[in-house]
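Observations on the three-dimensional arrangement
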Amino acid sequence: MKKFLALTLALVMSLSLVACGGQKTNETPADSTDQTEQPADTTEEYKIAMITDYGDITDQSFNQTTYEACKAFSDDNGIEFSYFKPAGDNTADRVAMIEKAADEGYNVIVMPGYAFGGAIVEAAPEFPDVKFIALDVAKGDLLETAVANAGESYDYNPDNWELDKYVDMSNVYCAVYQEELCGYMAGYAAVKLGYKNLGFLGGMAVPAVQRYGYGFVQGVDAAAAELGLTDVKLNYIYGGQFFGDADITAVMDTWYAGGTEIVFACGGGIYTSAVDAAKKAGGKVIGVDVDQAGVIAEYAGEDGLTVTSAMKGLYPTTYDTLTDVVLNGNWDNYKGKIATLGLVSGDDPTANYVQIPMETTQWEDGKFTQDDYKAMVKDMFDGKITVSNDTGKAPADFATVISVDDQGAIKG
């Protein structure tokens, strides 16, 4: 997935290197200040750091994917790289690691996940010469902390607020994703592969999760319409939290016992409840954010539960952004922006910033193959398939031939 595509907002990529680095990647969290002298013709000395959110670089999710991309880029280009792991899952500990990295001379800091919203608000202004690259951190994630810091009450509707009044974005770039597109891909694939009774289990009804869910409904509906099916059913619910527990598992038990064949578990660790129920009933699941086939198999103690995953292209985002910022000197095209990333290729699905996995999706000849998937992506890229991201609607509003049972939320 090492694609050297510029993001859609980037200008023409330069052929000359603006920066190169020193020693190779450290394999453990950084705690030293050793630096290697840069070549004489370097216009800027770069050191890249990654801060983990609340997991580790072996989480088979956001941290691991981002770490692998940073490490590969740094190894490929001889640039010093280390990662820093916060002591706890809170903004203060994430800020502490950002400060540690900056104090040790790391001037490009990569942060994966919405949990960094508050840390960016608090730490980025302290280090104006550091380039902050945040993955999957949206306007609302930043405003939640910034508005509170201003002594005001945030209404959780980012469209009601002017970001520039509350957040200093002068040295920050955020990338967010068109989750509705990969949600559509996953739903479309599931129905094409023969599943007629499906479920969507979201974490909390925040915009990113809603976009995943609404795209999923649209993909399920489109595939059913193409196949001439009128008996496809979809249960839809939010857990009210981003982790599984006995209460959520009980609802999933009821779904699977009632005929649900596959559940798209969308929201952090909430997949555990879907997996626990699926194992007992012989059901299947769909992963989210990254290719979760491995992490779900490890958790479940068996392979084959994950039919596909609705993925954000964290690897190409990280590698491509570092390429354009560090090698090509195009930071001015990024700073101060929140870019929404989606499709950049109609021919190579793995180059896109939203996708389903080529390697682990349970393709089946005569139903849904890699070639079928590539054709669907081409139609989406060419505008023949359009997917709504209107979170002001209800899930059932996107159904034309399927039935949607919107069950609200389990908690909250």
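Structure report, in brief. (Residues numbered from 1 in each chain as written. Predicted model: local features only at pLDDT ≥ 70, side-chain atom pairs only at ≥ 80, totals over all residues. Heavy atoms only, no water.)

**Some points on helix H7 (residues 207-227)**
Inclusion rule: A helix here means a DSSP run of H or I that spans at least four residues, while a strand means a run of E at least two residues long, and both kinds are numbered starting from the N terminus. Expected span of a helix: the number of residues minus one, times 1.5 Å. Under the scheme applied here, a residue whose accessible area is under 20% of the maximum for its type counts as buried, over 50% as exposed, and between as partly exposed, the area being computed with a 1.4 Å probe on protein chains only.
Taking 1.5 Å per residue, 21 residues should reach 30 Å; H7 reaches 30 Å between its end C-alpha atoms and fits that length. Here H7 lies mainly inside the structure; 16 of its 21 residues are buried.

**Some points on the sheet that holds strand S14 (residues 354-355)**
Our working definition: A strand pair is defined by DSSP finding two or more bridges across the two strands.
Across the sheet, 7 strands lie side by side as S14-S12-S11-S10-S8-S9-S15; this open sheet has mixed pairing. Looking at strand neighbours, the two that pair on one side only are S14 and strand S15 (403-409), the edges of this open sheet. Of the pairings in the sheet, the one linking strand S10 (residues 262-266) to strand S11 (residues 284-289) comprises 3 bridges and is parallel in character. Bridge pairing links valine 263 to valine 285 in S11.

**A closer look at the pattern of salt bridges**
Selection rule: Here a salt bridge means any side-chain nitrogen of Lys or Arg lying within 4 Å of a carboxyl oxygen belonging to Asp or Glu.
The final tally for this structure, using the stated rule, is 18 salt bridges. Of the charged contacts in the structure, one is a salt bridge between arginine 94 and aspartate 89, with a shortest N-O distance of 3.0 Å. With a closest N to O distance of 3.6 Å, lysine 165 and glutamate 162 form a salt bridge. An identical accessibility class is assigned to lysine 165 and glutamate 162; each is exposed.

**A closer look at unusual backbone geometry**
The backbone of aspartate 136 sits at a positive phi, close to 65°, despite the residue not being glycine. Residue placement: aspartate 136 occurs in the loop between strand S6 (131-135) and helix H4 (139-149). In this structure aspartate 136 comes out as buried when scored by relative accessible area, which is 11%. Here the phi dihedral of tyrosine 156 falls at roughly 60°; this positive angle occurs in a residue that is not glycine. Within the secondary structure, tyrosine 156 sits in the loop between H4 and helix H5 (163-166).

**Some thoughts on the sheet that holds strand S13 (residues 337-341)**
Short version of the rule: Angular values range over 0 to 180 degrees, each being the angle between N-to-C directions of two axes fitted as lines to C-alpha atoms, with helices fitted over their stretch in contact. In what follows, residue pairs with any heavy atoms lying within 4.5 Å of each other are defined as contacts.
Pairing in this open sheet of 6 strands is parallel, and the strands run S4-S3-S5-S6-S7-S13 from one edge to the other. On the outer flanks of this sheet lie strand S4 (80-84) and S13, each paired with one strand and no other. Sheet twist, expressed as the mean angle between neighbouring strand axes with direction ignored, is 20°. Bridge analysis of S6 against strand S7 (residues 172-177) gives 4 bridges, and the strand direction is parallel. Looking at the pairing, isoleucine 133 lines up with tyrosine 173 of S7. The sheet strands contacting helix H2 (residues 91-103) are strand S3 (47-51), S4, strand S5 (108-112) and S6, and the helix crosses S3 at an angle near 170°.

**Considering the nonpolar core**
Using the following cut-off: Working definition of a nonpolar core: buried Ala, Val, Leu, Ile, Met, Phe, Trp, Tyr and Cys residues. They are joined through side-chain atoms within 4.5 Å.
One finds Ile48, Met185, Leu198, Phe216, Phe264, Leu322 and Val326 to be the most contacted residues of the largest nonpolar core, which totals 81 residues. By size, the runner-up hydrophobic cluster in this structure holds 33 residues, among which are Met111, Phe127, Leu142 and Leu163.

**Looking at the environment of glycine 346**
Examined against the element boundaries, glycine 346 turns out to sit in the loop between S13 and S14. In this structure, the C-alpha to C-alpha distance between glycine 346 and phenylalanine 381, residues 35 residues apart in sequence, is 5.2 Å. Apart from residues lying up to four places away in sequence, glycine 346 is in contact with Lys374, Lys378 and Phe381.

**Some words on the packing of aromatic side chains**
Our working definition: Each Phe, Tyr or Trp ring, with Trp reduced to its six-membered ring, pairs with another whose centre is within 6.5 Å; inter-plane angles below 30 degrees give stacked pairs, above 60 give edge-to-face pairs, and intermediate values give tilted ones. Criterion for a charge above a ring: Arg CZ or Lys NZ at most 6 Å from the ring centre, at most 35 degrees from the ring normal.
By the definition in use, this model includes 24 aromatic pairs. Measuring from centroid to centroid gives 6.0 Å for tyrosine 184 and tyrosine 188, while their planes differ by 15°, and the two rings are stacked. Placement of the pair is tyrosine 184 and tyrosine 188 together in helix H6 (residues 179-192), with a separation of 4 residues, close to one helical turn. The class for tyrosine 184 is buried, based on a relative accessible area of 5%. Aromatic ring contacts, followed pair by pair, group Phe200, Tyr212, Tyr214, Phe216, Tyr236, Tyr238, Phe264 and Phe398 into a single cluster. The ring of phenylalanine 116 carries arginine 94 above its face, with NZ or CZ at 5.9 Å from the centroid.

**Notes on helix H11 (residues 314-327)**
Helix length check: H11, at 14 residues, gives a terminal C-alpha distance of 19 Å against a target of 20 Å (1.5 Å per residue), a fit within 8%. Backbone geometry just downstream of H11 places glycine 329 in the positive-phi region, at approximately 70°.

**What to know about the state of the cysteines**
Heads up, the rule is: Two cysteine sulfur atoms form a disulfide, by the criterion used here, when they sit within 2.5 Å.
In total, this model carries 0 disulfides according to the counting rule given. Cysteine 266 carries a free sulfur, and the closest cysteine sulfur to it, the one in cysteine 182, is 8.6 Å from it.

**Quick word on the side chain of threonine 317**
Our working rule: Two N or O atoms form a polar contact when they lie within 3.5 Å of each other; inside protein one atom must be a possible hydrogen donor and the other a possible acceptor, and for residues adjacent in sequence the pair counts only when both atoms belong to side chains.
The topology assignment puts threonine 317 in helix H11. For threonine 317, the side chain forms a polar contact with the side chain of tyrosine 177, separated by 2.8 Å. Contacts of threonine 317, omitting those with residues within four sequence positions, involve Leu135, Ala175, Tyr177, Leu341 and Tyr353.

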